[in-house]
Amino acid sequence: MSTTFQLDTATSRANPTPAPMKRLTVPAIRQRKVGGATAEPVVVLTAYTARQAQLLDAHCDVLLVGDSLGQVIYGLPSSVPVTLEMMAAHGAAVVRGSYHSVVVVDMPFGSYEGSPEQAFASAARLLKETGCAAIKLEGGEAMAPTVEFLVSRGIPVMGHVGLTPQAVNVLGGYNARGRSKAEAAKIVADAKALDDAGAFAIVIEGVVEPIAIEVTRAVGCPTIGIGASAQCDGQVLVTEDMLGMFDRVPRFVKRYEAIAEVISGAAEKYAGEVRARIFPGIEQTYQPK
Ligand code: KIV
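Each value, and the rule that gives it
- Every chain's residues receive numbers from 1 upward, in the order its sequence appears when written.
- Owing to the predicted nature of the model, reporting of local features is limited to residues with pLDDT of at least 70; listing and counting of side-chain atom pairs is limited to 80 or more, with chain, interface and lining totals taken over all residues.
- Water and hydrogen atoms were dropped before computing side-chain values, which therefore reflect all heavy atoms in the structure.
- A carboxyl oxygen of Asp or Glu within 4 Å of a side-chain nitrogen of Lys or Arg is what we treat as a salt bridge.
- Only DSSP runs of H or I covering at least 4 residues are called helices, and only runs of E covering at least 2 are called strands; the numbering of each starts at the N terminus.
- Each residue's exposure class comes from its accessible area (1.4 Å probe, protein chains only) as a fraction of the maximum for that residue type: buried when under 20%, exposed when over 50%, partly exposed otherwise.
- The contact definition used throughout considers only heavy atoms, calling two residues in contact when any of these lie within 4.5 Å.
- Candidate patch residues must exceed 30% relative accessible area and have no salt bridge, after which like charges are joined if within 9 Å and Val, Leu, Ile, Met, Phe, Trp or Tyr side chains if within 5 Å.
- Note on areas: Shrake-Rupley with a 1.4 Å probe; residue coverage comes only from the protein chains shown.

Caption draft 1: Structural view of the pattern of salt bridges. Per the stated rule, a full pass over the model turns up nine salt bridges. For Asp-233, the salt bridge identified is with Lys-33, shortest N-O distance 2.8 Å. Here Lys-33 lies in strand S1 (residues 33–34) and Asp-233 lies in the loop between strand S9 (223–226) and strand S10 (234–237), a separation of 200 residues in the sequence. For the pair formed by Asp-233 and Lys-33, the shared burial category is buried. The structure contains a network of salt bridges with shared partners spanning Arg-32, Glu-40 and Asp-61.

Written out as structure tokens, the structure reads:
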């Protein structure tokens, strides 16, 4: 199947729709888990650009426009400097490049923690400017009133517990969480609070496996694991990690490709041909008729 869709530039809404097909919905994702069991795991990958979304869309249930784009796209040292403007621009691109998956956009650090009202203003902006279906925010019990505030006002929320990268300055690094009894109990309590507040799914990141399993059993909504457990109700990876874009491979990443080598090899070949005046050839140049 070709994944290069015709963009309908005749209308202001350049939304590629190669086949009549309804986009998955937030309630459909939430309803994957029935009576504590999820027959069909929720498939999630990150996406930051329209073309990436086009390639991933048919294979995923959810495309997450993660604030990991700070490091992956912008070369920032963490997700802390990521802005609402960045998330809005990339979120809109991913919505334009997809027609099947639920698009969830991360709320960046500083755009929601101040108050439920601040969170509503930021989330409403993301929904209006991107066309995404939901937002994701980090934090547990402390964020539960905000989650309830947003959900009751029409904004679906995906939660995020365990290793919460926006809190790197408090956590002191990106090590797995839940190794002590107190930390484990806190993660379970955080997830339960988000579930009770109405989150439709919860990302569990960087948590020792028994705690990820305990959380998955304790909450009614699907859990989406990353560095967690195969027993979570779904899985997410940063697409560039699973494609092999980076030299560093964290323990929880499985590389399904070695794309860095492919790109570097193509660039090397191109550079050689330019220097040898082989490129452009006759096929790539315009000749008089
Ligand atoms: O920002 C991100 O990409 C994320 C995922 C890793 C869950 O939050």
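Caption draft 2: Geometry of the environment of Ile-213. When you line up the elements, Ile-213 lands in helix H9 (residues 209–218). Spatially, the C-alpha atoms of Ile-213 and Ala-88 are 33 Å apart, while their sequence positions differ by 125 residues. Apart from residues lying up to four places away in sequence, Ile-213 is in contact with Ser-229 and Gln-231.

Caption draft 3: Looking closely at a nonpolar patch on the surface. A surface patch of nonpolar side chains, amounting to about 240 Å² of accessible area, comprises Met-245, Phe-246 and Ile-263. Looking at where Met-245 falls in the secondary structure, it is placed in the loop between helix H10 (239–243) and helix H11 (259–275).

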